[in-house]
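Structural features, examined
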Amino acid sequence: MDTKTVQGYTLIKDGVNRWRIPKFGKMRVDAIVYVNDALLSLLHDDQSLRQLVNAAMLPGVVEPVVGMPDIHEGFGLPIGGVMAIERHGVISAGAVGYDINCGVRLLRTDLEARDLDKETLYKLIERIEHYVPTGIGKKGRHKGITRKIFDDVVHNGVEAVIRAGFGDRQDLNYIEDGGRLSGADISAVSKEAQERGEEQLGTLGGGNHFIEIQRVDRILDEKLAQAFGLFKGQVTVMIHTGSRGFGHQIATDYTKILWEGAKKYGIEVPEKGLAAAPIDSKEGQSYYKAMVAAINYAFSNRQIIMCDVIKAFEDVLKKTAESMGFKLVYDVAHNIAKWERHGGRDLLVHRKGATRALPAGHPQNPSAYMQTGHPALVPGSMGTGSYVVVGKGELSESFFSVNHGAGRKLSRTKAKSITKQEFERAMGDVIYNVGSYKDIVDESPLAYKDVEEVVGVLVNRGITIPVAKMVPLAVVKGVD
DNA sequence: ATGTAC
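Described in the following lines is the structure provided in the data block. (Residues numbered from 1 in each chain as written. Chains lettered and ligands numbered in written order. Predicted model: local features only at pLDDT ≥ 70, side-chain atom pairs only at ≥ 80, totals over all residues. Heavy atoms only, no water.)

It is worth spelling out the overall build of chain A at this point. Within chain A one finds 13 helices and 20 strands. Computed over its C-alpha atoms, the radius of gyration of chain A comes to 21 Å, within 12% of the 23 Å expected for a compact globule of 480 residues. With the principal axes as the frame, chain A shows a C-alpha extent of 65 × 50 × 45 Å. The 480 residues of chain A split such that 63% are buried. Taking contacts inside chain A between residues at least 6 apart in sequence as the whole, the part at least 24 apart equals 76%. (Helix = DSSP H or I, 4+ residues; strand = E, 2+ residues; numbered from the N terminus. Rg over C-alpha atoms; globule rule 2.2 N^0.38 Å. Buried < 20%, exposed > 50% of the residue type's maximum accessible area, 1.4 Å probe, protein only. Contact = heavy atoms within 4.5 Å.)

If you add up the space inside the second largest pocket, you get close to 290 Å³. Counting only elements with at least two residues in the lining of the second largest pocket, the list comes to helix 9 (282–317), helix 10 (321–324) and strand 12 (327–333). In terms of residue count, the dominant contributor to the lining of the second largest pocket is helix 9 (five residues). When the residues that make up the lining of the second largest pocket are grouped by side-chain class, the tally is seven nonpolar, four polar and six charged. (1 Å grid on protein atoms, 1.4 Å probe; cavity = no way out; pocket = protein on both sides within 12 Å on 5 of 7 lines; lining within 4 Å. Points joined across faces, edges and corners; volume = space filled by probe spheres on them. Nonpolar A, V, L, I, M, F, W, Y, C, P; charged D, E, K, R; others polar.)

Attention shifts here to the sheet that holds strand 1 (residues 3–6). Working definition: the strands of a sheet are paired by backbone hydrogen bonds and lie parallel or antiparallel to each other. Judged by pairing direction, the sheet is mixed, and its eight strands sit side by side in the order 1-2-3-4-5-6-14-13 without closing on themselves. Taken across any chain shown, the strands that pair with only one partner, and hence form the sheet edges, are strand 1 and strand 13 (335–342). Averaged over all neighbouring strand pairs, the angle between strand axes comes to 25°, with direction disregarded. In the sheet, strand 6 (residues 79–86) pairs with strand 14 (residues 345–352) via six bridges, with the strands oriented antiparallel. Considered in strand 14, the bridge of Val 82 is made with Arg 351. Helix 2 (residues 48–55) contacts strand 1, strand 2 (9–13), strand 3 (19–21), strand 4 (31–33), strand 5 (65–72) and strand 6 of the sheet and is inclined by roughly 160° relative to strand 5. (Pairing = 2+ DSSP bridges. Axes fitted to C-alpha atoms, helices over the stretch in contact; angles between N-to-C directions.)

With that settled, the discussion passes to the packing of aromatic side chains. Taken as a whole, this structure holds twelve aromatic pairs when the rule is applied. For the ring pair Tyr 9 and Phe 24, a centre distance of 6.1 Å and an interplane angle of 50° mean the geometry is tilted. Of this pair, Tyr 9 sits in strand 2 while Phe 24 sits in the loop between strand 3 and strand 4; the two residues are 15 residues apart in sequence, bridging distant segments of the chain. You can call Tyr 9 buried: its relative accessible area is 12%. A relative accessible area of 44% means that Phe 24 is categorised as partly exposed. Measuring from centroid to centroid gives 4.7 Å for Phe 246 and Tyr 297, while their planes differ by 40°, and the two rings are tilted. Here the residue Phe 246 occupies a position in helix 8 (residues 244–264), and Tyr 297 occupies one in helix 9, the gap between them amounting to 51 residues. We note that Phe 246, like Tyr 297, is buried. Directly above the ring of Tyr 131 sits Lys 311, whose terminal nitrogen or CZ lies 4.8 Å from the centroid. Here the basic side chain of Lys 327 rests over the ring of Tyr 174, its NZ or CZ set 3.9 Å away from the ring centre. (Phe/Tyr/Trp six-rings, centres within 6.5 Å; stacked < 30°, edge-to-face > 60°. Lys NZ or Arg CZ within 6 Å of the ring centre and 35° of its normal.)

Moving on, we get to the pairing of strand 5. Where burial is concerned, most of strand 5 is hidden: eight out of the eight residues are buried. Of the pairings in the sheet, the one linking strand 4 to strand 5 comprises three bridges and is parallel in character. Counted as the bridge partner of Val 33 is Gly 67 from strand 5. Across three bridges, the pairing between strand 5 and strand 6 is antiparallel. Note on strand 6: the bridge partner recorded for Gly 67 is Gly 81.

Now the structure itself:
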């Protein structure tokens, strides 16, 4: 029997790139981690496995809790964690994350990367920055409109911003859950969160959020790529952002409320980050209503940003969106909790740094992707590359989830010690909008795991099909 | 991730 000890836990190898922590102590279910040896050895210094083990102790948790190959330490559930809870179990804000419905959107075009020279790329990112406010605390350019439609947005999602003129009704078919979950209730959201939300709709934010102009570098599955409108040498645009200060405030508010709730209902919570209350309780219900408001908001935020990015391309290239072939490929959430049907029962699946990936034929696929499975978007770091994959095979164990990115290897603090030379070398020819490398050094490719390796783990495990790899040409990051 | 602090 192949075993390893990491973070004091004994893991048993149980299949290709699959390690099991059998339940012990207060764990109610086993934990499974999808990693290879190299990625497992990166986990020695962090607390991600302990966090996964702790999640396995929560009431109502369903076998197994799952760690993805990009797993690393977070607040509560690790980033790269999946935790499904049965109907009468608990809901946890920390298992969704501070950036509720952080997610990724991919746009395709008919443009060829070879037609965009450096000067044009610089103009494009400059123009994108003109339209899309970036950085922490920034307010939206569309405040006049977004304040008016705010209530509509949180309850009805992307449909509301489309009604206000951002994009086309067709877009709804290319967003997870049609860009809206039901059950939002603004009255469950604090005044403070509402104020932050009204002002920040249509902004990118900071940290790992980005807008990237990419070139399709490799097609790995010709048939699926064609179905997604992707071809080699093509220009694509990837947008990575979430619910900004709105979701953050909700997460902050409810972490406190659920912590008190846990005490009130006598739920043993192993750490503050996993603060949780019964789904059926007043506190749990309120969090769900507020969380869904933030989910709808984040989908809408990416919709507005998409429209602004397309406007920037129209300005610079002096062509219409239509003539450039702009089309939304897909939009996925990777910090979310939602009700899903698994194995004949309704489960509240918490995904934190994990992406849903429904395979071909799964009834929950949007109609456009029923025959193929929907694209799952896996951004790497800003200097390396990103993948489009599709789920396949034994995905039910992970509740139809795959990894969400490369995953951090160095903490932000540790990444600060990367030198300018190291940073520039890692960025290669990629153009970026930031003057000083110091402003984004913690987002250096060197701070991230190797996306090829991370994606390869699930490919080799037989639960994803790689479809296309995109490499960055130019990236817009937010700085303070 | 985040008006990065109760």
